[in-house]
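Listed below, chain by chain, are the residues.
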Amino acid sequence: MSRTVRISTHRDRCIGAGLCVLTAPEVFEHDEDEGLVSLLDPEPDAELSAKVWEAQQLCPAQAIELAG
């Protein structure tokens, strides 16, 4: 059985680089007001876990936290 990953973001750390959105647009977006990360899906399906992990690794501000 595949496990899902739980995601939380730290908007206070986010610098709006956009690498998360480019890497996993199914999960992340930038809000229109501040240009900071927002979650579309805080517990995406297991098949997205590789993209989510890559987005976390690419984030220059370390604003993405994964659990699960």
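Residues numbered from 1 in each chain as written. Predicted model: local features only at pLDDT ≥ 70, side-chain atom pairs only at ≥ 80, totals over all residues. Heavy atoms only, no water.

Enquirer: What's the story with the overall build of the chain in this structure? I'm lost.
Expert: Assigned secondary structure in the chain consists of 2 helices and 4 strands. For the chain, the succession of helices and strands along the chain, N to C, is β-α-β-β-α-β. Computed over C-alpha atoms, the radius of gyration of the chain comes to 11 Å, within 12% of the 11 Å expected from 2.2 N^0.38 for 68 residues, which places it in the range of a compact globule. Judged by the C-alpha coordinates and their principal axes, the chain covers about 40 × 20 × 15 Å. Per-residue burial for the chain yields a buried fraction of 32% across its 68 residues. Considering only contacts within the chain whose residues lie at least 6 apart along the sequence, 58% involve residues at least 24 apart. Distance between charge centroids for the chain: 8 Å, based on 5 positive and 13 negative side chains. (Helix = DSSP H or I, 4+ residues; strand = E, 2+ residues; numbered from the N terminus. Rg over C-alpha atoms; globule rule 2.2 N^0.38 Å. Buried < 20%, exposed > 50% of the residue type's maximum accessible area, 1.4 Å probe, protein only. Contact = heavy atoms within 4.5 Å. Lys, Arg positive; Asp, Glu negative; His and termini not counted. Charge placed at Lys NZ, Arg CZ, Asp CG, Glu CD.)

Enquirer: Would you mind showing me how to read the environment of Ala24 here?
Expert: Along the polypeptide, Ala24 turns up in the loop between helix 1 (19-23) and strand 2 (28-30). Placed 32 residues apart in sequence, Ala24 and Gln56 show a C-alpha to C-alpha distance of 9.9 Å.

Enquirer: Is there a simple way to explain the pattern of salt bridges in this structure?
Expert: Working definition: two side chains of opposite charge can pair if their charged atoms are close together. For the coordinates displayed, the defined rule picks out 3 salt bridges. Among the ionic pairs, Asp31 bridges to Arg11, the shortest N-O distance being 2.4 Å. Residue Asp31 is located in the loop between strand 2 and strand 3 (37-39), and its partner Arg11 is located in the loop between strand 1 (6-9) and helix 1; the two are separated by 20 residues in the primary sequence. Linking Glu26 and Lys51 is a salt bridge whose minimum nitrogen-to-oxygen distance equals 2.7 Å. Placement of Glu26 in the loop between helix 1 and strand 2 and of Lys51 in helix 2 (residues 49-58) is noted, with a sequence separation of 25 residues between them. With a relative accessible area of 36%, Glu26 lands in the partly exposed category. By sharing partners, the salt bridges in this structure join Arg11, Asp31 and Glu34 into a single network. (Salt bridge = Lys/Arg side-chain N within 4 Å of Asp/Glu carboxyl O.)

Enquirer: Where do I start with the environment of Ala61 in this structure?
Expert: The residue Ala61 is located in the loop between helix 2 and strand 4 (64-67) in this model. Distance from Ala61 to Ala17, taken between C-alpha atoms, is 8.6 Å for residues 44 residues apart in sequence. Residues contacting Ala61, with those up to four places away along its chain left out, are Arg13, Cys14 and Ile15.

By themselves, these figures tell us nothing about what the structure is for.
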